[in-house]
Amino acid sequence: MAASAQTDDITLRVAYDADPVSLDIHEQLSGGMLQLSHLTFDPLVRWTQDFDFEPRLATDWEQVDNTTMQMTLREGITFHSGNPFTAKDVVWTVERLKRSPDFKAIFDPVASITAVDDHTVEFKTKEPYPLLLNLATYIFPMDSEFYSGKTDSGKDKGEIVKNGNSYASTHISGTGPFKVTQRQQGVKVEFARFEDYWDDGSPGNVDHIVLTPISENATRVAALLSGDVDFIAPVPPNDLERVRADEDVKLVTMSGTRIILLHMNQDRVEAFKDPRVRQAIAYTINQKAIADRLMKGFATPAAQLSPEGYAGHNPELEPRYDLEKAKQLMKEAGYEDGFSITMMAPNNRYVNDAQIAQAVAAMLARINVKVDLKTLPKAQYWPEYDARAADLMLIGWHSDTEDSANFYQYLTECPNADTGAGQYNAGMYCNPEIDKIVAEANLETDRDKRSQMLQFVEQALYDDAAFIPLHWQDLAWAAQNEVQIEPVLNVMNFPYLGDVVVQQE
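Residues numbered from 1 in each chain as written. Predicted model: local features only at pLDDT ≥ 70, side-chain atom pairs only at ≥ 80, totals over all residues. Heavy atoms only, no water.

Before we move on, could you go through the overall build of the chain and cite the residues and values that matter?
Secondary structure summary: the chain contains 14 helices and 20 strands in total. Relative to its length of 505 residues, the chain is compact, with a C-alpha radius of gyration of 24 Å against a globular reference of 23 Å. Partitioning the intrachain contacts of the chain with sequence separation of at least 6 by distance along the chain shows that 69% fall at a separation of at least 24. Of the roughly 21,000 Å² of accessible surface on the chain, a fraction of 45% belongs to carbon and sulfur atoms. With 45 positive and 77 negative side-chain charges, the chain shows a separation of 6 Å between the mean positions of the two kinds. (Helix = DSSP H or I, 4+ residues; strand = E, 2+ residues; numbered from the N terminus. Rg over C-alpha atoms; globule rule 2.2 N^0.38 Å. Contact = heavy atoms within 4.5 Å. Areas by Shrake-Rupley, 256 points an atom, 1.4 Å probe, with all protein chains shown as cover. Lys, Arg positive; Asp, Glu negative; His and termini not counted. Charge placed at Lys NZ, Arg CZ, Asp CG, Glu CD.)

Can you tell me about the pairing of strand 10 (residues 188-193), naming the residues and giving the values?
Here six bridges tie strand 9 (residues 178-184) to strand 10, and the two strands are oriented antiparallel to one another. Paired with Val 180 across the bridge in strand 10 is Phe 191. Between strand 9 and strand 10, which pair antiparallel and follow one another directly, the connecting turn spans three residues, one of which, Gly 186, has a positive phi of 80 degrees. Judged from the four bridges that link them, strand 10 and strand 11 (residues 208-213) form a sheet pairing that is antiparallel. (Pairing = 2+ DSSP bridges.)

Would you mind going over the environment of Gln 355 in detail, with residue names and values included?
Relative to the elements of secondary structure, Gln 355 occurs in helix 10 (residues 353-364). A sequence separation of 189 residues divides Gln 355 from Ser 166, and the C-alpha atoms of the two residues are 41 Å apart.

Break down the environment of Arg 193 for me, citing the residues and quoting the values.
Here Arg 193 is to be found in strand 10. Placed 280 residues apart in sequence, Arg 193 and Gln 473 show a C-alpha to C-alpha distance of 33 Å. Dropping the residues within four chain positions of it, Arg 193 is found in contact with Pro 177, Phe 178, Gly 204, Asn 205, Val 206, Asp 207 and Gly 498.

Got a sec to walk through the packing of helix 8 (residues 287-294) against helix 10? Specific residues and values, please.
Relative to each other, helix 8 and helix 10 sit at 140 degrees, their axes nearing to 11 Å. Classified by the interaxial angle, the pair formed by helix 8 and helix 10 is oblique. The handedness of the crossing between helix 8 and helix 10 comes out as right-handed. Of the residues in helix 10, those in contact with Ala 289, Ile 290 and Leu 294 of helix 8 are Gln 355, Ile 356, Ala 359, Val 360 and Met 363. (Axes fitted to C-alpha atoms, helices over the stretch in contact; angles between N-to-C directions. Parallel < 35°, antiparallel > 145°, perpendicular 65-115°, else oblique. Left-handed = near helix turned anticlockwise from the far one by under 90°.)

Pulling in residues and values, what's your account of empty space enclosed by the protein?
Evaluation of the coordinates by the stated rule reveals four cavities of 30 Å³ or more. Elements that contribute at least two residues to the lining of the largest cavity include exactly helix 14 (447-464) and strand 18 (468-480). Among the elements that make up the lining of the largest cavity, the one with the highest residue count is helix 14 (three residues). A per-class count over the lining of the largest cavity returns 10 nonpolar, two polar and two charged. (1 Å grid on protein atoms, 1.4 Å probe; cavity = no way out; pocket = protein on both sides within 12 Å on 5 of 7 lines; lining within 4 Å. Points joined across faces, edges and corners; volume = space filled by probe spheres on them. Nonpolar A, V, L, I, M, F, W, Y, C, P; charged D, E, K, R; others polar.)

Tell me about the packing of aromatic side chains, and name the residues and values.
Per the stated rule, a full pass over the model turns up 20 aromatic pairs. Here the aromatic rings of Trp 47 and Phe 51 are separated by 5.6 Å at their centres, their planes lie at 75 degrees, and the arrangement is edge-to-face. Of the two residues, Trp 47 and Phe 51, both sit in the buried class. Ring centres of Phe 103 and Tyr 138 lie 6.1 Å apart, and the angle between their planes is 75 degrees; this geometry places the pair in the edge-to-face category. Of this pair, Phe 103 sits in the loop between helix 2 (87-97) and strand 7 (110-117) while Tyr 138 sits in the loop between helix 3 (132-136) and helix 4 (167-170), placing them 35 residues apart in sequence. The pair Phe 103 / Tyr 138 is uniform in exposure class, with both members buried. Ring pairs connect the aromatic residues Tyr 381, Trp 382, Tyr 385, Trp 397, Tyr 410 and Tyr 424, which therefore count as one cluster. (Phe/Tyr/Trp six-rings, centres within 6.5 Å; stacked < 30°, edge-to-face > 60°. Buried < 20%, exposed > 50% of the residue type's maximum accessible area, 1.4 Å probe, protein only.)

Residue-level account of helix 12 (residues 404-411), with values.
Taken across its eight residues, helix 12 has six buried, putting it largely inside the fold. By the burial criterion, the buried members of helix 12 are Ser 404, Ala 405, Asn 406, Phe 407, Tyr 408 and Leu 411. On its buried face, helix 12 sits against strand 13 (249-264), strand 17 (392-397), helix 13 (432-441) and helix 14. Put simply, Asp 403 is the residue that caps the front of helix 12, since its side-chain oxygen is 3.0 Å from the backbone nitrogen of Ala 405. (Polar contact = N/O pair within 3.5 Å; in protein donor to acceptor, adjacent residues only side chain to side chain.)

Tell me about the side chain of Asp 239, and please be specific about residues and values.
With respect to the secondary-structure elements, Asp 239 resides in the loop between strand 12 (231-233) and helix 6 (240-245). Assessed through its relative accessible area of 11%, Asp 239 is described here as buried. Setting aside its immediate chain neighbours within four residues, Asp 239 contacts Asn 217, Ala 218 and Val 221.

Spatial relationships are all this shows, so hold off on functional conclusions.
So this is what it looks like as structure tokens:
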């Protein structure tokens, strides 16, 4: 462990598969940028490991009426610049999020935000909206004074520039546990503990973090095992046993929230319009075999979109592999002799994506469905996916709101180019009755009642075999034994490194 004998400073050397693309946390909605956000900023609220909301810069909140929520803000907070944190920073940040190309869609339900006083803000939503606290996990108040005004070259300091050289992409002032002290894009980012950090209750004892991007899986694992770095993510499935066998390091895995699934295009294949055929395919796919053999146990077999912990997760639903039942359904539907289809999948986007597609094609042959499979690099795959270029298509999906309804809105709703509903529904599946329940759930602020509605949706989609769920990708991290990573990890994959403890000898 890199601890200096003179100062007892603790440096945590981190290797991720990529470094943040920018210091502007609104430039891109991605896991890497959210990891940076939790290092250098604080959200209004954040997720706990069991999907509860933990107060951070917001200490309290009250639903005043169906479309109004007031939040009380923590007092006595300063930004890295020394500027005080007040309600105007929250207002400025939310208004900026609503302009961000990557965030504006998920913040569209917010009609307005106003500062009631220095430490109270009021949110107004366009309609009753049950996910405002979910959105608050994305609100990392920015230093409005620091980001206001013009640069020497006359540019707006608060401007959001995608993949550009803006002031915000190279300058940063948050309220978070760490300040950025040095950044070499693609080489390393260095952080130092913020001396005036507000959270006296945090157990975190790390003084410095050095983040090095190592994109090559084997190299990243070797760096940990040789002691060159202290903490890595992700650990690839092929190296899990190697890491697990090393006595000097620890491996932590958990079931993730990204679902991998298949869409059956009903506009392209007449047989897919028959629910018995869709159910037959569901009974033919052995999710457990894929998870155990192909994914080496690094996946959780799925029978629905919602992972455990989500509002819509239906504990009654189990994967339904039964080859005899599948053959019986094909016979009942008049397709005992099968048919031929095309299939496309990416080969470098999800863990073992091409191998998963090959396994599915082999399984479908057992019910006489002949598959012409084509796998493509992700850059070529997504235009083909958008064009619905094959009968069967593979996609992975993580809900931006950590809520079930996001899955349905993008993956199973009746496709509508005008509203954006079903934008990634490559099966062209359409069930207006189910969509109606989702729409009602999105206006239901009683969380228990809403959860029941979403669980009903999962059951209905399962019964209708609207798509073929495969598995949720698992997550894996590894660290030297003295780094206590377990308490700061979560299924969203935003390690709260401000709270990490490194045990000293």
